[in-house]
Amino acid sequence: AVQKNFGFLKVLIVVAVIAIVAVSAWFQVAPDEVAVVTMLGRYTDTKEPGLHFKIPFLQQVIKIPAKRQLKEEFGFRTDIAGIKTESRRDMSGKNESTMLTGDLNVVVVEWIVHYKIADPKQYVFKVRNVTDTLRALSEATMRSVVGDYSVTEVLTRGREEVLEKARLKLAELCDNYETGISIQRIELKDSAPPDPVKPS
């Protein structure tokens, strides 16, 4: 009887292992994602949305939102997005939105970078933290471009030119650093003199 029970237990363990392997061999990629598949840490393939097979325990899957337009906000943060969007000034102390113009005036520039993941392989493997890199590149780009214009141009007639120049420059930097990111557009949320100097 003990041997019979032991035989049944062995069959049960084998069935359980087969079931676990079968379940872990399949993965689902959502409609707004792609999946980067790696074999022992090395890139093997990029999978489109749908149901896919992988070799259990040897292949890993990294899902990224490559079908969505993403964004990074500078100088402010959106708390509640919707019909009545609520946002607040960035109080992190980084002063990412305070910049010096070409005629040595200080201006507060709040902007949004809209981007997509164009090369999933580069996005996963080339840069350690893509979001931090994008934020650093975007801030450096905006400071550089704003520094070429007068305060009047940044606040009024030169706004569109500043944004387009910043977009082209940021797109070039993202390509040079092989971030896998495609810059779609840069949107200016607000630009104004800092509060203490507004009266003057």
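First, a word on scope: everything that follows refers to the structure included in this document. (Residues numbered from 1 in each chain as written. Predicted model: local features only at pLDDT ≥ 70, side-chain atom pairs only at ≥ 80, totals over all residues. Heavy atoms only, no water.)

### Here's the deal with the side chain of Ser-138
Piece 1. Along the chain, Ser-138 falls in helix H3 (residues 130-146).
Piece 2. Side-chain polar atoms of Ser-138 contact the side chain of Trp-111, separated by 3.1 Å.
Piece 3. Apart from the residues within four sequence positions on either side, Ser-138 is in contact with Phe-74, Trp-111, Val-113 and Leu-170. (Helix = DSSP H or I, 4+ residues; strand = E, 2+ residues; numbered from the N terminus. Polar contact = N/O pair within 3.5 Å; in protein donor to acceptor, adjacent residues only side chain to side chain. Contact = heavy atoms within 4.5 Å.)

### What to know about a nonpolar patch on the surface
Piece 1. On the surface, Trp-26, Leu-40, Leu-51, Phe-53, Ile-55 and Leu-58 cluster together into a nonpolar patch covering about 630 Å² of accessible area.
Piece 2. Take Leu-40: it is sitting in the loop between strand S2 (34-39) and strand S3 (42-47). (Patch = residues over 30% accessible without salt bridge, like charges linked within 9 Å, V, L, I, M, F, W, Y side chains within 5 Å. Areas by Shrake-Rupley, 256 points an atom, 1.4 Å probe, with all protein chains shown as cover. Salt bridge = Lys/Arg side-chain N within 4 Å of Asp/Glu carboxyl O.)

### What to know about the pattern of salt bridges
Piece 1. Evaluation of the coordinates by the stated rule reveals 12 salt bridges.
Piece 2. Here Glu-73 ties to Lys-71 by a salt bridge, and the two come within 3.4 Å at their closest N and O atoms.
Piece 3. Accessibility expressed as a relative area gives 41% for Lys-71, which makes it partly exposed.
Piece 4. Beyond isolated ion pairs, a larger network of salt bridges with shared partners links Glu-72, Arg-77, Glu-96 and Arg-135. (Buried < 20%, exposed > 50% of the residue type's maximum accessible area, 1.4 Å probe, protein only.)

### Focus on the packing of aromatic side chains
To describe a pair of aromatic rings, you give the distance between the ring centres and the angle between the ring planes.
Piece 1. Under the defined criterion, the tally for this structure stands at 3 aromatic pairs.
Piece 2. Note on Tyr-43 and Phe-125: the rings are 6.3 Å apart at their centroids and 85° apart in plane angle, and the pair reads as edge-to-face. Of this pair, Tyr-43 sits in strand S3 while Phe-125 sits in helix H2 (residues 120-125), and the two are 82 residues apart along the sequence.
Piece 3. Geometrically, the ring pair formed by Phe-74 and Trp-111 is stacked, given 4.6 Å between the ring centres and 5° between the ring planes. Here Phe-74 is found in strand S6 (residues 70-74), whereas its partner Trp-111 is found in strand S10 (residues 106-117), with 37 residues between them in sequence.
Piece 4. Using a relative accessible area of 0% as the deciding quantity, one classes Phe-74 as buried.
Piece 5. The class for Trp-111 is buried, based on a relative accessible area of 0%.
Piece 6. Residue placement shows Arg-135 over the ring face of Phe-74; its charged tip is 4.2 Å from the ring centre. (Phe/Tyr/Trp six-rings, centres within 6.5 Å; stacked < 30°, edge-to-face > 60°. Lys NZ or Arg CZ within 6 Å of the ring centre and 35° of its normal.)

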